2 protein chains.
Amino acid sequence: MQKEVSSGFVEITPTAEIDAKRHGGRAKCLQRLIRLDMPVPRTIALDFGAVHGVSAGDMPDLDQMLTLFGAEPLVSVRPSSEDPDWGGPGAILNIGMNDAVHAKLCKTHGETAANALYLRFIQSYAVHVGRLDPDEFEIFSSPTADALRAALELYEEETDEYFPQDPKEQLAEILRSMARAWEGTTARLLRQAKGAPADAGLGLVVQKMVLGVGQGICGSGVIQFVNGVTGHREIRGRYLCKSQGRDALTEAEDRDVMYLTRDPRGRSIEEVLPENFADLLRYGDLCRTRLREEMEIEFTIENDELFILDAVRVARAERANVRIAVSLAKDKVISREEAVLRIPPRALTELLHSQIDPEGTRDAFSHGIAASPGAATGKIVFNARAAQAMAAQGEDCILVRRETSPEDIRGMHAAKGILTIRGGITSHAAVIARGLGLPCVVGAGDLVLDKKKGKLKAADGREFGEGDVISIDGSVGEALAGAVDMLPPELGDSFQTLMTWADSFRDIGVRANADTPPDARNARMFAAEGIGLCRTEHMFIDDDRLLAMREMIFADHAEDRRAALDRLLPMQRADFTELFEIMQGQPVCIRLFDPPLHEFLPHGREGLRELAEALDLPLRDVERRVAGLREFNPMLGMRGVRLGVTVPEIYDMQARAIFEATIDASNSGAPIVPEIMIPLVSAKREVEIVKARIDAVAAAVRIERSAEFDYRLGVMVETPRAALRAGEIAQHASFMSFGTNDLTQMTYGLSRDDAGRFMGEYVAQGVYEEDPFHMLDADGVGELLQIGADRGRGENADLTLSICGEHGGNPESIRFCRDAGFDYVSCSPFRVPVARLAAAHLAITSPRADNV
Amino acid sequence: MQKEVSSGFVEITPTAEIDAKRHGGRAKCLQRLIRLDMPVPRTIALDFGAVHGVSAGDMPDLDQMLTLFGAEPLVSVRPSSEDPDWGGPGAILNIGMNDAVHAKLCKTHGETAANALYLRFIQSYAVHVGRLDPDEFEIFSSPTADALRAALELYEEETDEYFPQDPKEQLAEILRSMARAWEGTTARLLRQAKGAPADAGLGLVVQKMVLGVGQGICGSGVIQFVNGVTGHREIRGRYLCKSQGRDALTEAEDRDVMYLTRDPRGRSIEEVLPENFADLLRYGDLCRTRLREEMEIEFTIENDELFILDAVRVARAERANVRIAVSLAKDKVISREEAVLRIPPRALTELLHSQIDPEGTRDAFSHGIAASPGAATGKIVFNARAAQAMAAQGEDCILVRRETSPEDIRGMHAAKGILTIRGGITSHAAVIARGLGLPCVVGAGDLVLDKKKGKLKAADGREFGEGDVISIDGSVGEALAGAVDMLPPELGDSFQTLMTWADSFRDIGVRANADTPPDARNARMFAAEGIGLCRTEHMFIDDDRLLAMREMIFADHAEDRRAALDRLLPMQRADFTELFEIMQGQPVCIRLFDPPLHEFLPHGREGLRELAEALDLPLRDVERRVAGLREFNPMLGMRGVRLGVTVPEIYDMQARAIFEATIDASNSGAPIVPEIMIPLVSAKREVEIVKARIDAVAAAVRIERSAEFDYRLGVMVETPRAALRAGEIAQHASFMSFGTNDLTQMTYGLSRDDAGRFMGEYVAQGVYEEDPFHMLDADGVGELLQIGADRGRGENADLTLSICGEHGGNPESIRFCRDAGFDYVSCSPFRVPVARLAAAHLAITSPRADNV
């Protein structure tokens, strides 16, 4: 049956050589519909080369092409790029309309219908080929003879030419216009933003028109068999009598609607044309089973006869995408692997958080950095205390701060969302918010926060005060005035099924970073395989602990320090016991105390006075001590293991708390092997010193409690030097976990808290391809990871390797870590599903040679 | 002649097998004196093994040994370690004295002499062998019969034993006591601190006593032929009649002095014993020419007869050492290579700076870190302005600050020395002071600075106010009350000759870090081969420039920025022109603007108000802008090339100033090829962007001025990432200079400004072997240097490699850089001689295979 018409175009028949990579996705899809015996009007496909040729002035043999469409051909042209997402010029219908055809159609279809067809074509042609002002042609909305005449005259007036009457000329101009539009700069940038390669080609399909107007039942519509927002199976779509193309979706409701399914409000295709309706259902089912996808079908009915013009993948929200993929796999239409692969890992975040309903209205007053996904509505509060107070009254609030610090943590827990004026993607607010799964916008530098007046001022002059309701969209980085419509999280059966399948393929571990019992419960909810990073510093922030902490800091002697720490011990022990119990024997990796001590001291004069009072010291002394602890570059200062070596009582207390909790929690459940991680190591000797002390604490606790327990001691690799010296460090460590946040800071010499000021410009100018705090820098930081991993394993083959920075949940980082032979990645609980899915993708698409 | 007496000891004869590594340096030296036919009394040497055996209870055959010394042997024992600097137990004389010998000596030498000899021995024996209280035996100072009796009784009382009469027993106890003292902990630690290996051995020499008492002219003395402080040739020493050992050096002046040379005050050996005196001169000359060293000779005259007991290298200050080595080489006693090798590079700093006279008194009130060598005396000032005011009045002052910042630079220039309470070896104060060659003590944490009262309070309670005179010793890190005696710098002929010789051997370049014309002049004074690092930020600190700088910072648009910078342009151009002219065509490597902008803004409220006034802006606005520029970790913030990329007008202006200065200065002298260095690079694209703009500026200047010039563009490698990505970065760079200060900070994750708080403890505990800011960390930072060098040269074989951090002048760093194939090192001007000499040492001791 195949007719090779000429080089560059081919009629789409079941056996024609149509290839999506040469003719585009639409051409290929049409061929599939034809193969499934759907009533598709005759269609020919121009391949990428032919279209490119057209833009260069090399027109295919249009006479020959038009011959295929009969004596007085009426055709449409539609774009057919390789991936439908890459866009393309709009469809043009009714090509071939001219005075003669119009006259003939007036007789066969009535004057109104003929006018409408001709008018539509003139408008399209004038705008797309003639480049005339669309607004001027908009006026001809009712298809009268006068309107038609006026349109033709306007065309002549504007172009100094008669409206072309020769179908071949019309088609040639349209093809040329479409080919050139594709190669314009705007179109190229748009499609490249969607991932198209620079040389992406455009195909075109030329299809015989089915008019959708005429004596019998005529019209056009679209139908799909699934809800694009929820993914549930249901018939959706619209049909419009006496219409063409996708009119049904765009024209006003009050025109001649016919419902698809039985409807009390009026006629329906299901009743009026039951056979056509049955065919549509059958075609939908065919698409689903044979094209293995939920398709939206574009159809036209001409004189009771059904034609299928096109079909496209149903546009859908990610939650729908999950349901559809799982459903297809359950029905054995696709494999479980394919279902897993059909869900982009990052898209899962949309399911895990509330989302602003895409169909609602948005009144954004500030644009910042999308720091933690999801959306929230609440009343503005300007400090952590107010957040806690409001939460206690059962009111939702949004915590608005210039930036957050560890003192704000309880307020952050109490708030529904966080908005900060300063900070970047890895600022304190962002990291904590992601950990809590709270929506967060940071770096909203277009806002001015006047703390004294308690006002938040937007760039457009609007002011918001405490108690005013705002919303934040942490997925796009916007703050919005008032409340907005929300879609709730979607963690139902389909999600769970998908994740179970993903885990069955995955071959690298995924743990969660979890500091608190709620974090740990989230970690379990998202099926993390343990805690990869438990930061302990927040445990010293609570009011009752902070004072003991400060006494410890102000102590002059080891003895006094120990006394203050002794008061913290039972609280720490309780912290760990609860974590161990929640995690039910899963590994928990606890990072010893890390931040500089001055983070625990008050800043303002009032705070200092209160502290002096509490410690019964002269204010001067307190001021001097606080000033003495201040640091130029706290990130590079007296923290981490440097504290552990010089103020060893802190780690002693923590180790004791961990071991005692281990015994307590083991009594009540699964045996626990805690993992203790030393932060900020830069030299082997640091590990030796800390290890000796912790071993001694373990020995003491074993004797005191007459109990046995095991534990693992490891190192957080955060400095370039630790990576370089990983060989000797690994001799004393049973695991190494790469803290890629700090490692990135030090490798680049770049503070994550200060990078926000220029990171945007840096990425925009392509200085950095990506924000390295957002996407692991494989070239630089990655090489240090590789060096560290190789040297560490070289000295200690049993060394457990992992990554626990903010990068841990990123698909790119997971690929890197998997390739480098890491055992697991650890990330915020709310990133755990993303990581699990990304890891499954890798296992499916590039299976390990050694996997059995 | 050689008599092998027994295993373990041997008589020292010209042909005996005496080895400094087995018998110690003193034994070897004595053999040389014997070979030179000097009248050395019979001496036997115990080797290391024998002495070690003694301490373990294995005594050599003392009967046999004593036989060598005649019937009633009287001998001395002296230590003989491999290196005399490693110390050892004190000499013990007159072994063999007992009642019988005493009685005999009373007859032959008179009672007083006999008493003196016996008393001395009893005292030595009681203290060193009997471990009795030295103070109790101190009382027997006049050699009467009563004193002798009392001493013997005291000994018996304290030990419950008679004083031993058997010479063999005496000698055995003394050998045992000396052997054990050597193996005690204190002695071991002391000698290890001087570089001795853990298993360093002790030899002993047993020498027949020459009594130095008797009827004729008798006595003992020391003589040397060079001044140990200046190195000038002159006869120095002392002689004391009727004395033994080194009594002449320790006993009071009022005893029986005889001068060495003719002296109006009394008799001299030169007159009384002209032959002996001539012999001493001859022996001195023999030592110099045959032992190839200036020696201090220990001699005794007994009945007009001269005996040479020992000779040791003349103790000397480093300035004397230089003069002596040069003199020996000029006299062809040693080679120039050896003269160069005899001067430890670091010792040169003593010549370059004023030193506190080691013989003066020291009243230290604070101990800090020795941050910049040399000493200074002056009145205390507490701020830079006061320093300038005092300098303007011609008064010397010491600037005392909690820490210094760029605003203090002019005050530092005005001061004679700097003392800071905070900061480490690479703090701002330390770096600047070393650059200026100013004595500096930092981290004097035992001081409390009360700014309000204007008082500096020492730990011992003393208070110092503005105007009080203090001194600082930057070579040892002390602050001293009042003025002290000083030795001036010594840069005379010998120094210059030595440096010329060193340069003739050296095979790696040495440049200076020089920011200002005085720096540059120092660089030339110390024969640096160009400027390896010219920091430009200080050029914006002067009052008239600071305002323009601040206007630039506060400008909202590129245009306003450019206008402010245009005012700075002529000043910058003049800066560079002057530098180029001073350097007379030698290369000058200019680092583009590096520090964060907020360093140029005032801190206090008053400063902000003044700024608001000067800029005609509301105070609020100024405060907000200043707050907006504040950074959490300035070291890792918006500085270096990050400014160059985001605020490109600054580099544009600097490049223009450099190029215009190049043309101006080339007109008046040697053609200049400026080197422009981009700081804080972490990605290749940064270099591309800056390079493109600088090339454009060069092209514009060439056209405007119708002049040709060349320049070289390079990169400062300060981030680990720049080292890792050196391959691609080198494609756009003609040189790479490693900034090891920042590279160390980032590799360790350690701020040099904050490290002071725990670095002392870290080094003390051996966590770090050395302060990595002081000594290049070869393992970690060094690997990054090696990686950077290899990858850079791999892509660009012509790449010039250098190091310009504070480490640049350290001998260890120079070795590293030379091994890694670097072209040059750059360091503070005052370190340049050290570096030149260290490089010469390397070239002499490990010549390069490819050297021709």
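See the structure shown above.
If you're wondering where the values come from, they're calculated on a predicted model, not measured in any experiment. (Residues numbered from 1 in each chain as written. Chains lettered and ligands numbered in written order. Predicted model: local features only at pLDDT ≥ 70, side-chain atom pairs only at ≥ 80, totals over all residues. Heavy atoms only, no water.)

Chemist: I'd like a description of the overall build of chain A, backed by residues and values.
Modeler: Within chain A, the regular secondary structure consists of 35 helices and 30 strands. Judged by the C-alpha coordinates and their principal axes, chain A covers about 105 × 65 × 55 Å. Intrachain contacts of chain A at a sequence separation of at least 6 include 67% that bridge at least 24 residues. In the form shown here, chain A has an accessible surface area of approximately 33,500 Å², with 48% of it arising from carbon and sulfur atoms. For chain A, the centre of its 97 positive side-chain charges and the centre of its 132 negative side-chain charges are spaced 4 Å apart. (Helix = DSSP H or I, 4+ residues; strand = E, 2+ residues; numbered from the N terminus. Contact = heavy atoms within 4.5 Å. Areas by Shrake-Rupley, 256 points an atom, 1.4 Å probe, with all protein chains shown as cover. Lys, Arg positive; Asp, Glu negative; His and termini not counted. Charge placed at Lys NZ, Arg CZ, Asp CG, Glu CD.)

Chemist: Please provide a residue-by-residue account of the relation of the copies chain B and chain A, values included.
Modeler: Mapping chain B onto chain A calls for a rotation angle of 179 degrees and an axial translation of 0.1 Å; the resulting RMSD is 0.2 Å. Here the two chains are linked by the operation of a two-fold rotation axis. (Least-squares fit on C-alpha atoms with pLDDT ≥ 70 in both.)

Chemist: Which residues make up the pattern of salt bridges, and what values do they have?
Modeler: Within the structure shown, the criterion is met by 125 salt bridges over all chains. The partner of Glu660 of chain A in a salt bridge is Arg573 of chain A, and the shortest N-O contact between them spans 2.3 Å. One end of the pair, Glu660 of chain A, is in helix α27 (residues 649-667); the other, Arg573 of chain A, is in helix α23 (residues 558-583), with 87 residues separating them in the sequence. The exposure class assigned to Arg573 of chain A is partly exposed, which follows from its relative accessible area of 23%. Here Arg567 of chain B ties to Glu551 of chain B by a salt bridge, and the two come within 2.6 Å at their closest N and O atoms. With Arg567 of chain B in helix α23 (residues 558-583) and Glu551 of chain B in helix α22 (residues 543-554), this residue pair connects regions lying 16 residues apart in the sequence. Each member of the salt-bridge network shares a partner with another, and the members are Arg292, Glu293, Arg313, Arg316, Glu338 and Arg342 of chain A. (Salt bridge = Lys/Arg side-chain N within 4 Å of Asp/Glu carboxyl O. Buried < 20%, exposed > 50% of the residue type's maximum accessible area, 1.4 Å probe, protein only.)

Chemist: Lay out the packing of aromatic side chains with the relevant residues and their values.
Modeler: Inspection of the entire model under this criterion finds 36 aromatic pairs over all chains. Relative to Phe163 of chain A, the ring of Phe121 of chain A has its centre 5.7 Å away and its plane inclined at 85 degrees; by these criteria the two rings are edge-to-face. One end of the pair, Phe121 of chain A, is in helix α6 (residues 111-129); the other, Phe163 of chain A, is in the loop between α8 (145-159) and α9 (167-183), with 42 residues separating them in the sequence. We classify Phe163 of chain A as buried; its relative accessible area is 3%. Put simply, the rings of Tyr118, Phe121, Tyr125, Tyr155 and Phe163 of chain A touch in pairs and so form one group of aromatic residues. One Lys or Arg, Arg511 of chain A, reaches over the ring of Tyr824 of chain A and ends 3.9 Å from the middle of that ring. If you follow Arg191 of chain B out to its NZ or CZ, it ends over the ring of Trp182 of chain B, 3.7 Å from the centre. (Phe/Tyr/Trp six-rings, centres within 6.5 Å; stacked < 30°, edge-to-face > 60°. Lys NZ or Arg CZ within 6 Å of the ring centre and 35° of its normal.)

Chemist: Tell me about the interface of chain B and chain A, and please be specific about residues and values.
Modeler: For interface size, the figure often reported is the accessible area lost on association. Chain B puts 55 residues into the contact, and the matching count from chain A is 55 residues. For the chain B and chain A pair, buried surface summed over both sides reaches about 4,900 Å², with 53% attributable to carbon and sulfur atoms. Our count for the contact surface shared by chain B and chain A stands at eight salt bridges. Residue Arg721 of chain A pairs with Asp777 of chain B through a salt bridge whose shortest N-O separation is 2.7 Å. Viewed at the interface, chain A and chain B are joined by 36 residue pairs in polar contact (both at pLDDT 80 or more). At five residues, helix α25 (residues 619-629) of chain B tops the list of elements feeding residues into the side of chain B that touches chain A. (Buried area = accessible area lost by both parts, 1.4 Å probe. Polar contact = N/O pair within 3.5 Å; in protein donor to acceptor, adjacent residues only side chain to side chain.)

Chemist: Residues and numbers for the sheet that holds strand β6 (residues 219-226) of chain A, please.
Modeler: Residues and elements named next belong to chain A. With respect to topology, four strands assemble into an open sheet ordered β7-β6-β8-β9, the strand pairing being antiparallel. Of all the strands in the sheet, the pair left with one neighbour each is β7 (233-241) and β9 (305-313). On average, each strand axis in the sheet is inclined to that of its neighbour by 20 degrees, with strand direction left out of account. Strand direction decides the pairing type here: β6 and strand β8 (residues 295-302), joined by five bridges, are antiparallel. Residue Gly219 lies in a different strand from β8, and its bridge partner there is Ile301. Across the sheet, helix α2 (residues 25-35) touches β8 and β9, and the angle it forms with β9 is around 135 degrees. (Pairing = 2+ DSSP bridges. Axes fitted to C-alpha atoms, helices over the stretch in contact; angles between N-to-C directions.)

Chemist: Requested: an account of the sheet that holds strand β27 (residues 712-717) of chain B, with residues and values cited.
Modeler: Pairing between the strands of a sheet comes from backbone hydrogen bonds, and it takes one of two forms, parallel or antiparallel. Residue and element names in this part refer to chain B. Taken together, eight strands build a closed barrel; the order of strands is β23-β24-β25-β26-β27-β28-β29-β30 and the barrel is parallel. Each strand axis lies, on average, 25 degrees off the axis of its neighbour in the sheet, ignoring direction. Sheet analysis places strand β23 (residues 509-513) next to strand β30 (residues 824-827), joined by four bridges and oriented parallel. Among the inter-strand pairings, Gly509 is bridged to a residue of β30, identified as Tyr824. Here helix α35 (residues 832-845) sits on the sheet in contact with β23 and β30, set at roughly 165 degrees to β23.

Chemist: Quick one: what's the story with the side chain of Arg191 of chain A, residue by residue and with numbers?
Modeler: All names here are of chain A. Relative to the elements of secondary structure, Arg191 occurs in helix α10 (residues 185-193). Within the buried set, Arg191 has no salt-bridge partner at all; the shortest N-O distance to an opposite charge, 6.6 Å, is to Glu183. Not counting residues within four places of it along the chain, the set of residues in contact with Arg191 comprises Trp86, Trp182, Ala196 and Ala200.

Chemist: Lay out the pairing of β9 of chain A with the relevant residues and their values.
Modeler: Residue and element names in this part refer to chain A. Pairing of β8 with β9, which is carried by eight bridges, proceeds in the antiparallel orientation. Paired with Met295 across the two strands is Arg313, which belongs to β9. Joining the antiparallel neighbours β8 and β9 is a turn of two residues, in which Asn303 adopts a positive phi near 50 degrees.

Chemist: Which residues make up a negative patch on the surface, and what values do they have?
Modeler: Residue and element names in this part refer to chain A. Taken together, the side chains of Asp133, Asp135, Glu136, Glu138, Glu153, Glu157 and Glu158 define an acidic patch exposed on the protein surface. Checked against the element boundaries, Glu158 lands in helix α8. Taking relative accessible area as the criterion, Glu158 reaches 39% and is therefore assigned partly exposed. (Patch = residues over 30% accessible without salt bridge, like charges linked within 9 Å, V, L, I, M, F, W, Y side chains within 5 Å.)

Chemist: Just give me the short version of helix α5 (residues 99-109) of chain B, but keep the residues and values in it.
Modeler: Residue and element names in this part refer to chain B. Those residues of α5 not exposed but buried are Val101, His102, Leu105 and His109. Looking straight down α5, one finds its buried side chains confined to an arc of 100 degrees; they lie on one side. Summarising the contacts, the buried residues of α5 are in contact with α6 (111-129) and α8 (145-159). Gly110 sits one or two residues past α5 and shows a positive phi near 95 degrees. (Arc of directions from axis to C-beta.)

Chemist: Kindly report on the packing of helix α24 (residues 605-615) of chain A against helix α25 (residues 619-629) of chain A, identifying the contributing residues and their values.
Modeler: Residues and elements named next belong to chain A. Put simply, α24 and α25 touch, their axes get as near as 9 Å, and they point 115 degrees apart. In this structure, the crossing between α24 and α25 has a hand that is right-handed. Between α24 and α25, the residues in contact are Arg605, Leu608, Arg609, Leu611 and Ala612 and Leu619, Val622, Glu623 and Val626, respectively. The residue inventory of the contact of α24 with α25, partitioned by class, reads six nonpolar, no polar and three charged. (Left-handed = near helix turned anticlockwise from the far one by under 90°. Nonpolar A, V, L, I, M, F, W, Y, C, P; charged D, E, K, R; others polar.)

Chemist: How would you explain empty space enclosed by the protein if you had to name every residue and give the values?
Modeler: Counted according to the given criterion, the structure contains six cavities of 30 Å³ or more. The element best represented in the lining of the largest cavity is helix α19 (residues 428-436) of chain B, accounting for four residues. The residue inventory of the lining of the largest cavity, partitioned by class, reads four nonpolar, five polar and three charged. Ile409, His413, Val431, Ile432, Gly435, Leu436, Asp515, Thr516, Asp519, Arg535 and His538 of chain A together form the lining of the second largest cavity. Sorting the residues of the lining of the second largest cavity by element identifies α18 (409-414) and α19 (428-436) of chain A as the ones contributing at least two each. With four residues, α19 of chain A is the single largest residue contributor to the lining of the second largest cavity. Here the lining of the second largest cavity is built from residues that sort into four nonpolar, four polar and three charged. (1 Å grid on protein atoms, 1.4 Å probe; cavity = no way out; pocket = protein on both sides within 12 Å on 5 of 7 lines; lining within 4 Å. Points joined across faces, edges and corners; volume = space filled by probe spheres on them.)

Chemist: Could you give an account of the nonpolar core, naming the residues involved and the relevant values?
Modeler: Counting residues in hydrophobic clusters, the biggest one holds 282 residues, and the most contacted among them are Phe659 and Phe822 of chain A together with Phe659 and Phe822 of chain B. Once residues within four sequence positions are removed from consideration, Phe822 of chain A is found in contact with Ile508, Phe738, Leu785, Ala789, Leu801, Ser802, Ile803, Cys817 and Arg848 of chain A. (Core = buried A, V, L, I, M, F, W, Y, C linked by side-chain atoms within 4.5 Å.)

Chemist: Kindly report on the environment of Phe365 of chain B, identifying the contributing residues and their values.
Modeler: Within the secondary structure, Phe365 of chain B sits in strand β11 (residues 364-367). Distance in space between the C-alpha atoms of Phe365 of chain B and Glu478 of chain B is 7.6 Å, their sequence separation being 113 residues.

Chemist: Describe α19 of chain A, and please don't skip the residues or the numbers.
Modeler: Residue and element names in this part refer to chain A. Burial analysis of α19 places nine of its nine residues in the buried class, which makes it a mostly covered element. Every buried residue of α19 is accounted for by His428, Ala429, Ala430, Val431, Ile432, Ala433, Arg434, Gly435 and Leu436. At its buried positions, α19 is contacted by β12 (369-372), α18, β15 (417-420), β16 (440-442), α21 (517-525) and β24 (531-535). Looking one or two residues beyond α19, the residue adopting positive phi is Gly437, at roughly 70 degrees.

Chemist: So, unusual backbone geometry: which residues are in play, and what are the values?
Modeler: Residue and element names in this part refer to chain A. For Arg131, which is not glycine, the phi dihedral falls at a positive 60 degrees. Inspection of the secondary structure assignment puts Arg131 in the loop between α6 and α7 (134-138). Judged by its relative accessible area of 60%, Arg131 is exposed. Positive phi, close to 60 degrees, is recorded for Asp160, a residue that is not glycine. Mapping Asp160 onto the fold places it in the loop between α8 and α9. Asp160 sits in the exposed class, given a relative accessible area of 71%.

Purely spatial values, then, with no claim about function.
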